[in-house]
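What the coordinates show
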Amino acid sequence: MKALILVMGLLTAFQALALDRSQADRLLQERQLSLRGLEQGGNRLLLGEVTGAGLVLPADRVQVVLLQDRAVLKREIESMAFSPVTGKLGDLDSFRVGGTYFTREDIRGVVIK
């Protein structure tokens, strides 16, 4: 019984951290951007932490980084640190926006070109 409660609690916690398409659209709208408009312009939304396809994605293709509570435009990123220095999103250690550092684990989705 304890194991079942623990598993349910973990699933709920992971779901709370996940970002869905409507939440991504809301974050973009706060920046006066439309997900539909971005997609019609040839961009693509990838949701989830930087896993799977995001691991090998070149960081220079990223147009918008979606965090839990905000969207960060590419031009707002002051610096990016990679280890090893490959330029792949999967090797991103941290990035700085407005003097605040974020790690790869903070990324909930990206909009890529």
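Refer to the structure above for everything that follows.
The structure reproduced in this document is the subject of the present report. Being a predicted model, the structure only gives us computed values, none of them experimental. (Residues numbered from 1 in each chain as written. Predicted model: local features only at pLDDT ≥ 70, side-chain atom pairs only at ≥ 80, totals over all residues. Heavy atoms only, no water.)

Here we look at the nonpolar core
Here is the rule we go by: Definition of nonpolar core: a set of buried residues of the types Ala, Val, Leu, Ile, Met, Phe, Trp, Tyr and Cys, connected through side-chain atoms within 4.5 Å. Each residue is placed in one exposure class: buried if its accessible area under a 1.4 Å probe, protein chains only, is under 20% of its type's maximum, exposed if it is over 50%, and partly exposed if it falls in between. Elements are defined by DSSP. Helices are runs of H or I of four residues or more, strands are runs of E of two residues or more, and each kind is numbered from the N terminus.
Counting 16 residues, the largest nonpolar core has Val62, Val65, Leu89, Phe95 and Val110 as its most contacted members. Looking at this core, the elements that each hand over two or more residues are β2 (62-66), β4 (77-82), β5 (92-97) and β7 (109-112). Counting 12 residues, the second-largest nonpolar core is a separate cluster that includes Ala24, Leu28, Val64 and Leu73.

Some details on the environment of Arg104
Within the secondary structure, Arg104 sits in the loop between β6 (100-103) and β7. Residues Arg104 and Phe82, 22 residues apart in the sequence, show an inter-C-alpha distance of 10.0 Å.

What to know about the pattern of salt bridges
For the record, the criterion: What makes a salt bridge here is a side-chain nitrogen of Lys or Arg within 4 Å of a carboxyl oxygen of Asp or Glu, nothing more.
In total, this model carries five salt bridges according to the counting rule given. Across the pair Arg31 and Glu76 runs a salt bridge, and its minimum N-O distance is 2.4 Å. With a gap of 45 residues between them, Arg31 in the loop between α2 (21-29) and α3 (35-40) and Glu76 in the loop between β3 (71-73) and β4 connect regions that are remote in the sequence. The class of Glu76 is partly exposed, set by a relative accessible area of 26%.

A look at the sheet that holds β2
Strand pairing within a sheet occurs via backbone hydrogen bonds; the two strands may be parallel or antiparallel. Put simply, the rule reads: For two strands to pair, DSSP has to find at least two bridges joining them. All axes here are fitted lines through C-alpha atoms, helices being fitted over the stretch that makes contact, and every angle between N-to-C directions spans 0 to 180 degrees.
As summarised here, the arrangement of the four strands in space is β1-β7-β2-β3, forming an open sheet in which the pairing is antiparallel. Lying at the two open borders of the sheet, with one neighbouring strand each, are β1 (44-47) and β3. Averaged over all neighbouring strand pairs, the angle between strand axes comes to 20 degrees, with direction disregarded. Sheet topology note: the β2/β7 ladder contains four bridges and is antiparallel. Pairing of Val65 across the sheet is with Val110, part of β7.

So, the environment of Ser34
What counts, and what does not: Residues adjacent in sequence count toward polar contacts only when both atoms are side-chain atoms; beyond that, a polar contact is any pair of N or O atoms within 3.5 Å, and within protein one must be able to donate a hydrogen and the other to accept it.
Within the element layout of this structure, Ser34 appears in the loop between α2 and α3. Residue Ser34 is classed as partly exposed on the basis of its relative accessible area of 37%. In the structure, Ser34 is positioned 10 residues away from Ala24 in sequence and 9.7 Å away in space, judged by C-alpha atoms. Of note is the side chain of Ser34, whose polar atom sits 3.3 Å from the backbone nitrogen of Arg36. A distance of 3.1 Å separates the side chain of Ser34 from the backbone nitrogen of Gly37, its partner in a polar contact.

Things to note about α2
Basically, it comes down to this: Arc definition: it is the arc formed by the directions from the helix axis to the C-beta atoms.
When α2 is considered as a whole, its buried residues turn out to be Ala24, Leu27 and Leu28. Angularly, the buried residues of α2 cover 100 degrees about the axis, an arc narrow enough to put them on a single face.

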